Structures are given as C-alpha cells and as structure tokens.
Amino acid sequence: MQEDIGEEMQSLDLGIGSTWCSSDTKKRKRRDESNSIACGTLMQDALDKRFFRLLQGRERMLRVDPRRNGLEDGKGLQLIDLLLVAATAVDANNISSAVDALHELYHRVALNGDPIQRVAAYFTDGLAARILTRRSLFYKTIMAHPTPEEEFSAFTQLYQASPYYQFAHFTANQAIIEAFEKEEMQNGRRLHVIDFDVSYGFQWPSLIQSLSDKATSSSPISLRIMGFGGSIEELRETETRLVNFTKGCRNLIFKFEGLLRGSSSSDFKIEKDATLVVNLVFYLQNLRSSSEIYDTLMAIYSLNPSVVVLVEKEGNQRPQNFLSRFMETLHYHAAMFDSLNDRLPAESTERLSIEKNHLGREIKTAMTNEEKEEEKHLRFERLDTWKTRMESFGFEEIKLSSRSVSQAKLLLKIRSHCSSIEHDGGGGFQISERDEGRAISLGWQDRHLTTVSAWHCMQSPNCSPGCNL
C-alpha cells in the first residue's frame, strides 16, 4: 500500500480537478508571476500533504480490527452529520473542507462495525472518489469493480440472506400466474414472458415449478422466456441454469431466448394467442434517461401484453441535484445495511461480500456520477410517481390478489426462521398493501424499500417524447 500511496502522490496533480486548486486564489489577483507560482506551489504542497493523510486514513480503516466495539449511543447521528458536511463540501468544490471531513470519517467508519459505520464507509469512499479524476490511481483503487464471480456470489448471498429479491420475484410471479390462469381458455396453455433484465435468472425457477405443478401429461404447459442480458456469456449461463432446473419438471415445455440489451422490439417474435407478460423488475430505474424510459414503455404498449409487472426501488422523491441524491441514497442504503444486521452476524464473510460487491458498489457508483450525467443514476421514486408515469402511457393498474399478500407475508415468516440472528417475530421487515390493494411494498421498519404493481393496456398513450417522466 505504501508503494501505491507513493505513486498516487506523484500523480496527484492529475488526480484532482483544476477547480479544486483555484477557488481561493481567484479571490485576489497576483501582482507578478513569480509570486503566483510560489503561492501555487505552497498550496499544492499543503494539498498533497492533506491528501496523503487521507490515503493513510483509508488504509488504517481497511485494517481495523473486526472485534473493535461499535459506536457509542448517539455517535451514529454524529457520523451522519459528518457525512453531510463532507457531501456539502464536495458539492461546493471546497477541497480543504472536503478532505478534512473525509479524513475524520475514515477514522470513524469501519467495514466490520455497526451498520451505520459500514454504510458510511462506502459513502466516504464514494465522496473521496468524486473529488478525483478517473485517471487517478486512488480513484481506480476505490472504484475497482468486483469480478463477475464476486458479483454473482454477492447477489446469490443477498438472495439467500434477505427477503428483498425473493419478495420482488415471488410477488411478480404470482401476478404472472394469475394472468395466465385468467386466459387459460384461449391461450392454449402457453405463456410467453419478456424479461427486460433477466440477470442471473433467479426469478424463474419458482414460476417454472408452479407451472409444472399445474401441468399434466394430457395437458402440458409451454413456457417461453425471452430475456435481456448484458453479455452473451451471462445469457448462456442463465439459460444453462434454467434448462437444468426444468429437467426435473414434467409436462412443461420450456424455451429460453437470450437477447443483448439494446435489441429492438422488432426482434421480438410473439406467439399468437399465448398469454404475453412483460417483466420489469428493477429495470426502469436503471435507464439512463427519460427518453429511454419513453422508448421502452412505448415499445411495451405496442405489444399489448396481458400484464406488465413493475418492481422498483422506492424513495421519497426524485433527486434534483447531488445533495438530494446523496441524502436519498443514504437513507435507502442505511435501511438495507440495517436489515442485513438483522440477518447476518457482523463478522459474516457473506455479509461483507454483499456489502462490498453489491450494495457498496451501488453507493459508490451513485456518488461518482457527474452533474452533466444527473439523469443517469439509480432512481428512488415514490409509488405515485411511477403510477402517473405508467398511466400517461395508457396503462391501468390491476388490483393484486389476496394470495399475493398472503404469500408475501408467509415469505417474511419463513425468512425470519432462516435468519442467523435470533429475534422475536419477523424482524424489521414489513409488508404493506398500498393504493387500495393495487400495489404491495416490502419495507424495513418505517421505510418502503421496493414496491410491486401490475398493469395492462387500456387507452392510447397521452405522453409525448417531451413529456415529464
């Protein structure tokens, strides 16, 4: 690490944007060039020393003894206040205050500490990376991507430890099953799903099993999943997992078709009379612009699916600037880290993997988006915002069944018994029926984390490309 710091010090002038070094000097004019050069050199030396201490502080944080006691009562709020001080300084391009606050944060946060210390560690990294250019060695160290194997492992561990993704998938699948059952008289027992983000395919084994249980030798069921992924390799691995799973499911005819993201709707081959379902699980929130959301929803509407399942992470507002995005992201991920504390011990390697390679990566990515890319970040929007958006495209919300609610509550009960932490009841997770039964949310304590809703086409869209999405 000392060698890395040495290399970083040699390239600090390339690692910090020019606006950081000029804010104070712009307030007064230099009378001659020699004085200006001398002053600039002194300022750069002072900045280099401060940044060197910051790098040392981060290195010490990474070596913190995991057995160290957590924060004293009341210290968590002080840590949040210090994070806000750092974020405000970063947003204002105040390098001096930003580095001082970040240096103090690195002394207080801990990857193995209390939930607030753990989540604050990743926000501290994200804020530190934000004041660096992407050429900086320190930036590359902080923002190093996990390997595909580490990403898959972290996702799998979160899926097993928390009801977060299982709630989204099981509730979405229940809406899909009910849409299929409603049309059984005319669909020839054929179900066609278009999944806009198939990811690792974890959603589909439970649907496959449910359909297999309904199928008989005299009346088999056909399931076709068209899934979008980020790479050919990812799609092939997903197909292999799903095909292997279906080998134990009798009377089910299964077909998987992988498409790379960016493929147009003209590539869709829709089966006539089959129940057509569009699956939007954690997809729209990741689109990079309003125009992409518009194009996606218009393409979906043109397909006239029987049901569109929408699952999104939920927030209190649409962040309008960096500070509001910072606070919304902080509140959301603080709840996620706290919920993991209810599921896994502090020293758990699985928990460290989830936080570093899944949740921590989300945090640092959100913190390092540039202002010119303000739209290109994870959306944490309210249910009524998504409702207005969907209705503007001619979609109508469908009331979710009591079975969906009962299943979600049963999931929490089962997951509470599988928790590594002993507690009474179902822990801090809660299921909420909302919008007169047209949406179901999973929350942690008093914070909604994710919401499931179902939609169908009713009228012509009244949203134009320039409308407010």
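Looking at an unreviewed UniProt entry, one finds the protein chain named Scarecrow-like protein 21, with Cocos nucifera as its source organism.

Caption draft 1: Molecular detail of the pattern of salt bridges. For the coordinates displayed, the defined rule picks out 23 salt bridges. Ionic pairing is found between Glu 59 and Arg 63, a salt bridge with its closest N-O pair at 3.0 Å. According to the relative accessible area criterion, Arg 63 is exposed, its value standing at 55%. One salt bridge in this structure joins Glu 184 and Lys 214, with 3.6 Å as the shortest N-O distance. Of this pair, Glu 184 sits in the loop between helix H10 (164-182) and strand S1 (190-195) while Lys 214 sits in helix H11 (residues 204-214), placing them 30 residues apart in sequence.

Caption draft 2: Broad picture of the side chain of Ser 404. With respect to the element layout, Ser 404 can be found in helix H17 (residues 402-418). For Ser 404, the contacting residues outside a window of four places in its chain are Gln 174, Glu 178 and Ile 440.

Caption draft 3: Looking closely at unusual backbone geometry. Of note, Asp 273 is a non-glycine position whose phi angle comes to about 75 degrees, a positive value. Considering the arrangement of structural elements, one finds Asp 273 in the loop between strand S3 (252-260) and strand S4 (275-281). A relative accessible area of 47% means that Asp 273 is categorised as partly exposed.

Caption draft 4: Inspection of the pairing of S4 at higher detail. Burial within S4 is extensive, with seven of its seven residues counted as buried. Burial along S4 is two-sided: the residues Thr 275, Val 277, Asn 279 and Val 281 and Leu 276, Val 278 and Leu 280 are all buried. Summarising the sheet, S1 and S4 pair through five bridges and their orientation is parallel. Following the sheet pairing, Leu 191 is matched in S4 by Thr 275. Bridge count for S4 against strand S5 (residues 307-313) is five bridges, and the pairing is parallel. By the bridge assignment for S5, Val 278 is matched with Val 308. The parallel pair S4 and S5 is bridged by helix H13 (residues 290-303), and the resulting crossover is right-handed.

Rules of the game
Residues numbered from 1 in each chain as written. Predicted model: local features only at pLDDT ≥ 70, side-chain atom pairs only at ≥ 80, totals over all residues. Heavy atoms only, no water. Salt bridge = Lys/Arg side-chain N within 4 Å of Asp/Glu carboxyl O. Buried < 20%, exposed > 50% of the residue type's maximum accessible area, 1.4 Å probe, protein only. Helix = DSSP H or I, 4+ residues; strand = E, 2+ residues; numbered from the N terminus. Contact = heavy atoms within 4.5 Å. Pairing = 2+ DSSP bridges. Right-handed = clockwise from strand over helix to strand, strands pointing away.

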